[in-house]
Amino acid sequence: MKQLHNSELVHFGSDNYAGAHPEVLEALRVASGGHVPGYGEDPYTQRLREWARETFGPNALIFPVFNGTGANVVSLAALNPRWGHVIAAPSAHINTDETAAPESSAGLKVKPAPAVDGKLTPEAVTSTLSSRDFIHEAQTTSVSVSNSTELGTVYQVEEFRAIAEVAHTSGLSVHLDGARLACAAAATGAGLEELTRGADVISLGATKNGALGAEAVVVRNPEAVSGIQYLNKSLLQLPSKARFISAQLLALFDGDLWLRNAEHANAQAAKLAKGLMDAGFDVPVKTQANAVIASVEPVVVERVLAQGVIFYAWPFVENGIRLMTAWDTPDSAIDELISTFVAARG
């Protein structure tokens, strides 16, 4: 097949723009060829289940799925009744970027709570609880936390645990949207088990961190879910050739590739943020993971975009833009982007 894109170009619109890591592609090659049972009965998915139990505890379950929205919907549908509502930050992906998938597919209401730089607090959770036993109001049944957040901030271990404790004390389940959990782990220095302790169900991200296309639902507390294996099928997330999803997840997580990739993405974001600030640009949200939230004059943004660089406006700060780095973002691309912004300012 003829190559249809310029592989030398690096964009900053999303870490989804990056290609697949060579080790992931090699894992797919190894997993291909011959016949194995489908729908998760293959040896790669079986090894993935062992990894989940080794990492998150002996009762942990894992379901390889196609995409992050699917992982979130399956997780929330298994945790919540259809009359429930889920507390989340206003910027949470389930609230802003999933075309009402939790509502339309799982029948749930998402209710934003006050957040600071994309992060919930225990106080925000308690202040957003529904009026119990009021038939005209959806009842609070769950809290969803994104780590890292859509603003590139990170919950420290104790911050997430405090939210989980308040939620569980209030009779709520806890969902962790970990689309960029690897970047949060790299930023905090915590392992996956420690960082997710207190979550009942985790949407474990891989696509943004070097996979070709693979996510997973991890159940840390099986007692909190109902019928998740059936929901996984009915919500269109059960892969017939599961070995290819599982092989990608194993390539990343059954070793340290996930951490190496995340550390690189975070380091490049820190380099970009420092370079922009040194050049006189405002970066109002502290860069902790692989997202840089900058405040840049609209005319400068237009000039940079006109040169073919891809990034997006970010409405949670005034004149906000979001610049994402990835596992393969090179130093040269960072330097070139900073120079482009400086030149556009004139």
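Residues numbered from 1 in each chain as written. Predicted model: local features only at pLDDT ≥ 70, side-chain atom pairs only at ≥ 80, totals over all residues. Heavy atoms only, no water.

- Within an unreviewed UniProt entry, the label attached to the protein chain reads Beta-eliminating lyase, and the organism entered is Brevibacterium mcbrellneri ATCC 49030.
- Note on the protein chain: under the UniProt heading Sequence similarities (unreviewed entry), the record states "Belongs to the threonine aldolase family."
- According to the UniProt record, the Cofactor (unreviewed entry) comment for the protein chain reads "pyridoxal 5'-phosphate". (UniProt positions renumbered as here; feature names shortened; annotations may be inferred.)

### Digging into the nonpolar core
Logical step 1: Counting residues in hydrophobic clusters, the biggest one holds 53 residues, and the most contacted among them are Trp51, Val143 and Phe253.
Logical step 2: With six residues, the top contributor of residues to this core is helix 11 (residues 242–253).
Logical step 3: A domain-level breakdown of this core finds at least three residues from each of domain 1 (21–254) and domain 2 (257–345). (Core = buried A, V, L, I, M, F, W, Y, C linked by side-chain atoms within 4.5 Å. Buried < 20%, exposed > 50% of the residue type's maximum accessible area, 1.4 Å probe, protein only. Helix = DSSP H or I, 4+ residues; strand = E, 2+ residues; numbered from the N terminus. Domains from an automatic or database assignment.)

### With respect to the sheet that holds strand 10 (residues 320–324)
Strand pairing in a sheet relies on backbone hydrogen bonds. The paired strands run either parallel or antiparallel.
Logical step 1: In spatial order, the strands read 8-10-9; together these three strands make up an open sheet with antiparallel pairing. A single partner strand is all that each edge strand has here, and the edge strands are strand 8 (291–295) and strand 9 (312–313).
Logical step 2: Bridge count between strand 8 and strand 10: five bridges; the pairing is antiparallel. If you follow Ala291 over to strand 10, its bridge partner there is Met324. (Pairing = 2+ DSSP bridges.)

### Brief notes about the pattern of salt bridges
Logical step 1: The full count for this structure, using the stated rule, is 14 salt bridges.
Logical step 2: Across the salt bridge formed by Asp15 and Arg180, the nearest N and O atoms sit 2.7 Å from each other. You can see Asp15 sitting in the segment before helix 1 (22–31) and its partner Arg180 sitting in the loop between strand 5 (173–178) and helix 8 (181–188), a full 165 residues away along the chain. The pair formed by Asp15 and Arg180 is uniform in burial state, with each residue classed as buried.
Logical step 3: Between Asp256 and Arg260 there is a salt bridge, and its shortest N-O distance comes to 3.0 Å.
Logical step 4: What makes Asp256 partly exposed here is its relative accessible area of 42%. (Salt bridge = Lys/Arg side-chain N within 4 Å of Asp/Glu carboxyl O.)

### Quick word on empty space enclosed by the protein
Logical step 1: Inspection of every chain in the model, using the stated rule, returns two cavities of 30 Å³ or more.
Logical step 2: Taken as a whole, the largest cavity encloses approximately 40 Å³ of empty space.
Logical step 3: Along the walls of the largest cavity sit Asp15, Ala179, Arg180, Ala182, Cys183, Gly205, Lys208, Asn209 and Asn290, which together make up its complete lining.
Logical step 4: For the lining of the largest cavity, a count of residues per class yields three nonpolar, three polar and three charged.
Logical step 5: Considered as a void within the structure, the second largest cavity measures approximately 30 Å³ in volume.
Logical step 6: Class assignment for the residues of the lining of the second largest cavity results in five nonpolar, three polar and one charged. (1 Å grid on protein atoms, 1.4 Å probe; cavity = no way out; pocket = protein on both sides within 12 Å on 5 of 7 lines; lining within 4 Å. Points joined across faces, edges and corners; volume = space filled by probe spheres on them. Nonpolar A, V, L, I, M, F, W, Y, C, P; charged D, E, K, R; others polar.)

### Quick word on the sheet that holds strand 3 (residues 109–112)
Logical step 1: With mixed pairing, the seven strands of this open sheet are ordered in space as 1-7-6-5-4-2-3. Strands with a single pairing partner mark the edges of an open sheet, and in this sheet they are strand 1 (61–65) and strand 3. Neighbour-to-neighbour, the strand axes of this sheet turn through a mean angle of 25°, independent of strand direction.
Logical step 2: Both strand 5 and strand 6 (residues 201–205) contribute to a ladder of four bridges, which runs parallel. Considered in strand 6, the bridge of Leu176 is made with Ile202.
Logical step 3: Across the sheet, helix 7 (residues 157–169) is in contact with strand 4 (139–146) and strand 5; its angle to strand 5 comes to roughly 150°. (Axes fitted to C-alpha atoms, helices over the stretch in contact; angles between N-to-C directions. Contact = heavy atoms within 4.5 Å.)

### Remarks on the side chain of Ser146
Logical step 1: With respect to the helices and strands, Ser146 occurs in strand 4.
Logical step 2: Looking at Ser146, its side chain comes within polar contact range of the side chain of Glu150, at 3.5 Å.
Logical step 3: Setting aside residues no more than four positions away along its own chain, Ser146 makes contact with Ala92, Tyr155 and Asp177. (Polar contact = N/O pair within 3.5 Å; in protein donor to acceptor, adjacent residues only side chain to side chain.)

### Things to note about the layout of surface pockets
Logical step 1: Quantified by volume, the largest pocket comes out at close to 340 Å³.
Logical step 2: Around the largest pocket, the lining comprises 17 residues; the ones closest to its centre are Leu9, Tyr17, Ala18, Gly19 and Asp328.
Logical step 3: Its residues assigned to classes, the lining of the largest pocket comprises seven nonpolar, eight polar and two charged.
Logical step 4: Roughly 280 Å³ of internal volume is contained in the second largest pocket.
Logical step 5: Its residues assigned to classes, the lining of the second largest pocket comprises seven nonpolar, five polar and two charged.

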